[in-house]
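Summary of structural features
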Amino acid sequence: MKKILLFMLLICLCVPAHAKSTVTLAELSGTVGVQMEEFVRDTVRASELNGDSLLIFQLDTPGGLVEAMRGIVQAILSSRVPVAVWIPSGGRAASAGAFIVQSAHIAAMSPGTNIGAAHPVTGGGENIPEGDMNKKVMNDLKAQMRSVVQLRGRNVDMAEAMIVDSISLTADEALREHVIDIIAPDINALIKATAGRRVKNGSQSLRISLDDEITVSRATMSFSEQVIQFVSSPEIAYLLLSGGMMAIFFEVITPGGFILGTTGGVMLLLGAIGLKMLPFNWAGIVLIVAGIVLMAVDLIAGTSGLLTLLGLPVMCLGGVFLFRAPGGELLQISLSFIAGIAIALGICFGLMAYFVVKGLRRKVSTGKQGMIGLTVEAISDGQVKCHGEIWRAVSDVELHAGDKGVVTAVDGMTLVISRVDQ
C-alpha cells in the first residue's frame, strides 16, 4: 500500500503545474500632460511589483507637453517589465504620442489608426518662426526620436520624418516602413502576437513569456486624476476660464443670488488647476479678460452690440496666446474649437444680458419701492388703506374718507399721497 501511495505522489510531482501569466492594461487618452506622466510612472511601478509578464498602454492622444512626454518615455525605457504601446481602433498617436509609441518594447496599432505629425508648433498651432529657437527645438526633438528608435531597432529615417516633414502614417504604412512591430485589431490579438517575442530591455535580451492561462487586469486613473486629466486639456481650460469669468461678472451686476457666482467660482478653480498642468502665457489671460470687459461695457453702456463683436475675437486671440509658452511645442490646440467656444459663450452672454437688462428695466414690485404708483383709499385725513393694510399718510391736499389717491413716495412708515380727482 505504501508503495502505491509513493508511486502516485511521484506521478503528481512529475505533472507540470498549470502556469499563469499576468498582463496589465492601462488606458492613456487625452492631452499628454503632467497627470498622464504621473499615471504612467505609477502604473509601471505597480506592474513591476506585481511581476507582470507584459504591460500594455492603450494610447489615443493628439499630443501634448514636451516635458511630460519625456517623463513618460523615460518611465517606459526604464521599466523592468516589457511594455507594449497600442493604438486602439479609431485612435491616433499624434505629435508627442509618436514619441511614446516609439519608446515601447512593442509598438502596435489597430487598423484605421494613424501615427506621426510630430512637427513642433507654437501654442497657436503655427510653425515655430525660423531662427535659433526653431533649430534648437527641432534638433532636440530629432535627437530624442533617434535615440529611442535606434534603441528599439526601428526605422530612424521615417521616424525622424514625422518631426521634420510632419508625416502621418496609417497602420499598414507604419508596419511596412518598420515604424511599428504589430498590427492588432484588439487586445487578445495583441497578446497573442506578442507572446514569445524577444525584446531588448536595457543591456539584456528578454523573451516575453506568456503561459497557458493569462489574467488581464486593468489599471485606471482615480476619479480625481480623471478630473485633472480632463481639465488639463487646453480647450477645456480655456472654456472654464472664460465661462467662469462671465458667470462672476453677471453675479456682480445682478447681486442677490448665488448660483452664478458659485458656478463661476468653481469653473475658475477648475480652470486654474488645468493651467497649473499646462505651460500658459499671461498675455492670453489678459486678452480673455479684455474680451469679457469689452462685452461687459457693451452691456452697461448700451452700444448696440458693437463692443461685443470686438470682444469675441479678442477672446479667441486670448485662447490662441494662452498656451504659447516654452514646453508646449508639441501641444496641439484646435483653433476651430476655441473659436466655437468663444462664439457659444458670446451667444450665452447676449442671452443673459438680454434678461438682465429686461430685469433691470422692470418696475419694482416688492418692498417700499414697489408701493410707488399704487392706488389707495382714504379712511380719514392722515390714514389710507393700501393692499388691505392701514397706513399713515400725508398729502398736499386734505383727504376725506373714500377719496382715492396714488402713492408717490414712501417716507419710513408713512405714505406720500397725491389725490386722484374722481
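Treat the numbers as computed from the prediction; the structure is a model and nothing was measured. (Residues numbered from 1 in each chain as written. Predicted model: local features only at pLDDT ≥ 70, side-chain atom pairs only at ≥ 80, totals over all residues. Heavy atoms only, no water.)

1. Some words on the overall build of the protein
Quick note on the threshold: Strands are runs of DSSP state E lasting at least 2 residues, helices are runs of H or I lasting at least 4, and numbering of each runs from the N terminus. Categorising residues by exposure relies on relative accessible area from a 1.4 Å probe, with only protein chains included: less than 20% of the type maximum marks a residue as buried, more than 50% marks it as exposed, and the intermediate range marks it as partly exposed. By the convention used here, residues are in contact when the closest approach between their heavy atoms is within 4.5 Å. Every accessible area reported is derived by Shrake-Rupley at a probe size of 1.4 Å, with residue values counting cover from the shown protein chains alone.
When helices and strands are tallied, the protein shows 14 helices and 16 strands. Counting all 422 residues of the protein, 45% fall into the buried class. Taking the intrachain contacts of the protein between residues at least 6 apart in sequence as the baseline, contacts between residues at least 24 apart amount to 66%. Just so you have it, the protein exposes about 21300 Å², and 61% of that area is on carbon and sulfur atoms.

2. Quick word on the nonpolar core
As a reminder, the rule being used: To qualify as a nonpolar core, a set must consist of buried Ala, Val, Leu, Ile, Met, Phe, Trp, Tyr and Cys residues joined through side-chain atoms within 4.5 Å.
Ranked by internal contacts, the top residues of the largest apolar core, which has 51 residues, are F57, M69, V85, V101 and I115. For this core, the leading source of residues is helix 3 (residues 66-77), giving seven residues. Setting aside its immediate chain neighbours within four residues, V101 contacts L59, V85, I87, A93, A107, I115, R154 and I180. In terms of nonpolar packing, the next biggest core, distinct from the first, is built from 21 residues, M246, M295, L322 and F349 among them.

3. Comments concerning the sheet that holds strand 6 (residues 114-116)
Applied cut-off: Strand pairing follows a simple DSSP-based rule, namely that at least 2 bridges must link the two strands. Inter-axis angles, ranging from 0 to 180 degrees, are taken between N-to-C directions of lines fitted to C-alpha atoms, where helices are fitted over the stretch in contact.
Judged by pairing direction, the sheet is mixed, and its three strands sit side by side in the order 4-6-7 without closing on themselves. Strand pairing shows two members of the sheet lacking a second neighbour, strand 4 (92-94) and strand 7 (168-170), which therefore form its edges. Ignoring which end each strand starts from, the neighbouring axes of this sheet average 20° apart. Bridge analysis of strand 6 against strand 7 gives three bridges, and the strand direction is antiparallel. Among the inter-strand pairings, G116 is bridged to a residue of strand 7, identified as S168.

4. Quick notes on the pairing of strand 10 (residues 204-207)
Pairing of strand 9 (residues 198-201) with strand 10, which is carried by four bridges, proceeds in the antiparallel orientation. Of the residues in strand 10, the one forming a bridge with N201 is Q204. Taking the residues between adjacent antiparallel strands as the criterion, strand 9 and strand 10 are bridged by two residues, where G202 takes a positive phi near 70°.

5. Some words on helix 12 (residues 282-301)
Our working rule: Take the residue count of a helix, subtract one, and multiply by 1.5 Å to get its expected span. This arc is taken over the directions from the axis of the helix to the C-beta atoms.
Its 20 residues give helix 12 an end-to-end C-alpha distance of 28 Å, which sits within 8% of 28 Å, the value for a rise of 1.5 Å per residue. The complete set of buried residues in helix 12 reads G284, I285, I288, G291, I292, M295, A296, D298 and L299. Down the axis of helix 12, the buried side of the element spans an arc of 155°, and every buried residue falls inside it. Opposite the packed face of helix 12, turned more than 90 degrees from it, sit the exposed residues W282, V286, I300 and A301.

6. As for the pattern of salt bridges
In plain terms, the rule: A carboxyl oxygen of Asp or Glu within 4 Å of a side-chain nitrogen of Lys or Arg is what we treat as a salt bridge.
A full pass over the atoms with the stated rule returns eight salt bridges. In this structure, the salt-bridge partner of R45 is D42, at a minimum N-O distance of 2.4 Å. With R45 and D42 both in helix 2 (residues 34-50) and three residues apart, this pair spans about one turn of that helix. Under the relative-accessibility criterion, R45 is labelled partly exposed at 46%. Overall, the relative accessible area of 35% leaves D42 in the partly exposed class. A salt bridge links R70 to E67, with the shortest nitrogen-to-oxygen separation between them at 3.8 Å. One end of the pair, R70, and the other, E67, are both in helix 3, three residues apart, so they sit about a helical turn from each other. E67 gets classed as exposed once you look at its relative accessible area, which sits at 55%. Salt bridges sharing partners connect three or more residues here, namely E67, R70 and D140.

7. What to know about a nonpolar patch on the surface
Put simply, the test is: Note that patches include only residues with greater than 30% relative accessible area and no salt bridge, and the join distances are 9 Å for like charges and 5 Å for nonpolar side chains (Val, Leu, Ile, Met, Phe, Trp, Tyr).
Taken together, the side chains of V289, V293 and V297 define a hydrophobic patch exposed on the protein surface, amounting to about 200 Å² of accessible area. By secondary structure assignment, the location of V293 is in helix 12.

8. Description of the environment of E251
If you trace the backbone, E251 turns up in helix 10 (residues 234-253). Along the backbone, E251 and G264 are 13 residues apart, and their C-alpha atoms lie at a distance of 8.7 Å.

9. Digging into the environment of D212
Within the secondary structure, D212 is located in the loop between strand 10 and strand 11 (213-219). Through-space distance from the C-alpha of D212 to that of S21 is 7.6 Å; in sequence the pair is 191 residues apart.

10. Here we look at the confidence of the model for the protein
Close inspection of predicted coordinates is inappropriate in any region flagged by low pLDDT. Where we set the bar: A residue's pLDDT is simply how confident the predictor is in it, with values from 0 to 100.
Averaged over the protein, the pLDDT score is 80; the fraction of residues at 70 or greater is 82%. Between residues 11-18, whose pLDDT stays under 50, and residues either more than four places distant or in other chains, the model counts two contacts. Scored below 50 in pLDDT, residues 122-127 shows 17 contacts in the model against residues more than four places distant or in partner chains.

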